[in-house]
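In case you want the letters, here they are:
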Amino acid sequence: LRQAGPEAELAALRIGITFETMGLLVYRRIAPLDLVVELAGGMAVAMWRKIGPLEERIRTEQSQPSSAEWFQWLAEQCEASKDEGMPAYIAHRGWTP
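Residues numbered from 1 in each chain as written. Predicted model: local features only at pLDDT ≥ 70, side-chain atom pairs only at ≥ 80, totals over all residues. Heavy atoms only, no water.

## So, the environment of Trp 70
Here is the rule: Secondary structure follows DSSP: runs of H or I at least 4 residues long count as helices, runs of E at least 2 residues long count as strands, and numbering of each begins at the N terminus. Whether two residues touch is decided by their heavy atoms; if any such pair falls within 4.5 Å, the residues are in contact.
If you trace the backbone, Trp 70 turns up in helix 3 (residues 69-80). When the C-alpha atoms of Trp 70 and Gly 16 are compared, they prove to be 9.2 Å apart, with 54 residues separating the residues in sequence. Ignoring any residue separated from it by four or fewer positions in sequence, one finds Trp 70 in contact with Phe 19, Glu 20, Gly 23, Leu 24 and Tyr 27.

Below you can see the structure in the form of structure tokens.
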């Protein structure tokens, strides 16, 4: 996203809002961290790696140090809680409803 155009920045904003909301829900203990880690933890970490530099730039340019604060916090919590077990699509391949 170094040279992100308007469409990429809008997509990053939408992703950021989603993870920002999840982060605050986890912090307030409305959503359990283990559920969020299992549901979207890997994606939160991957997206922060991509979008984080853009957010850092926004924080600096707009003097807004709290921009995406809960997104970053969630990604850091997910990274710390990472389980290197077998991916669900392999571990639960034989599952039937």
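## Notes on the packing of aromatic side chains
The condition that has to hold: Only Phe, Tyr and Trp rings are paired, with Trp represented by its six-membered ring, and only when their centres lie within 6.5 Å; those with planes under 30 degrees apart are stacked, over 60 edge-to-face, the remainder tilted. Only protein chains enter the area calculation, which uses a 1.4 Å probe; residues under 20% of their type maximum are buried, those over 50% are exposed, and those in between are partly exposed.
Across all of its chains, the model carries five aromatic pairs by this definition. Ring geometry for Phe 19 versus Phe 71: centroids 5.2 Å apart, planes at 20°, classification stacked. Pair noted here: Phe 19 is in helix 1 (residues 6-27) and Phe 71 is in helix 3, with a separation of 52 residues, a long-range link. A ring pair is formed by Tyr 27 and Trp 70, whose centres lie 4.7 Å apart and whose planes are at 40°; its orientation type is tilted. One end of the pair, Tyr 27, is in helix 1; the other, Trp 70, is in helix 3, with 43 residues separating them in the sequence. Judged by relative accessible area, which is 46%, Tyr 27 ranks as partly exposed. The rings of Phe 19, Trp 48 and Phe 71 are connected pair by pair, giving a single aromatic cluster.

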